[in-house]
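Architecture at a glance
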Amino acid sequence: MIPVMISPQSLLETGIKVEKVDHLRLFKFSDELQSRLEDFLEKNKTGSLTLEEEAELNAVGELDRIFTYLNSLLVAQQ
């Protein structure tokens, strides 16, 4: 079986938005990607993720870590 991988950057074009929070502009997931993430997390709890869904969940998780880092840098600059 060949492992399935999805690159986090493949989600950038349709999966992110920049949202103004107070006086900052922060990276956030699009509503669609946030909904998919919640669906994946629920399926993950029950052990019913497909290999493709698990790969996408991993990619979204990596993107979340990147956003958290970038957003923390933006907050620190203020």
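Keep in mind the model is a prediction, meaning the values are calculated, not measured.

Calculation rules
Residues numbered from 1 in each chain as written. Predicted model: local features only at pLDDT ≥ 70, side-chain atom pairs only at ≥ 80, totals over all residues. Heavy atoms only, no water. Helix = DSSP H or I, 4+ residues; strand = E, 2+ residues; numbered from the N terminus. Buried < 20%, exposed > 50% of the residue type's maximum accessible area, 1.4 Å probe, protein only. Areas by Shrake-Rupley, 256 points an atom, 1.4 Å probe, with all protein chains shown as cover. Lys, Arg positive; Asp, Glu negative; His and termini not counted. Charge placed at Lys NZ, Arg CZ, Asp CG, Glu CD. Contact = heavy atoms within 4.5 Å. Pairing = 2+ DSSP bridges. Phe/Tyr/Trp six-rings, centres within 6.5 Å; stacked < 30°, edge-to-face > 60°.

What to know about the overall build of the protein
Across its full length, the protein holds three helices and two strands. N-terminal to C-terminal, the α/β element order of the protein is α-β-β-α-α. When the backbone C-alpha atoms are referred to their principal axes, the protein occupies close to 45 × 20 × 20 Å. A burial count over the protein gives 24% of its 78 residues as buried. Within the structure as shown, the protein displays about 5,800 Å² of accessible surface, and the carbon and sulfur contribution to it stands at 54%. Charge centroids of the protein, computed over 8 positive and 14 negative side chains, lie 6 Å from each other.

Here we look at the environment of S48
Residue position: S48 is located in the loop between α2 (31–46) and α3 (51–77). In the structure, S48 is positioned 26 residues away from D22 in sequence and 39 Å away in space, judged by C-alpha atoms. Every residue in contact with S48, bar those within four places of it in the chain, is listed here: K43 and E53.

Concerning the pairing of strand β1 (residues 16–21)
The sheet contact formed by β1 and strand β2 (residues 24–29) spans six bridges and is antiparallel. Within the sheet, the bridge partner assigned to V18 lies in β2 and is F27. Hairpin remark: β1 followed by β2, antiparallel, with two residues in the connecting loop; positive phi at D22, about 55 degrees.

Brief notes about the packing of aromatic side chains
One pair of aromatic rings is described through two measures. These are the centre distance and the angle between the planes. For the coordinates displayed, the defined rule picks out two aromatic pairs. A centroid spacing of 5.6 Å and a plane angle of 20 degrees characterise the contact between F27 and F67, whose relative ring orientation is stacked. Highlighted residues: F27 in strand β2 and F67 in helix α3, separated in sequence by 40 residues. Measuring from ring centre to ring centre gives 5.6 Å for F29 and F67, while their planes differ by 45 degrees; the resulting arrangement is tilted. Remark: F67 occurs in helix α3 and F29 occurs in strand β2; sequence separation between them is 38 residues.

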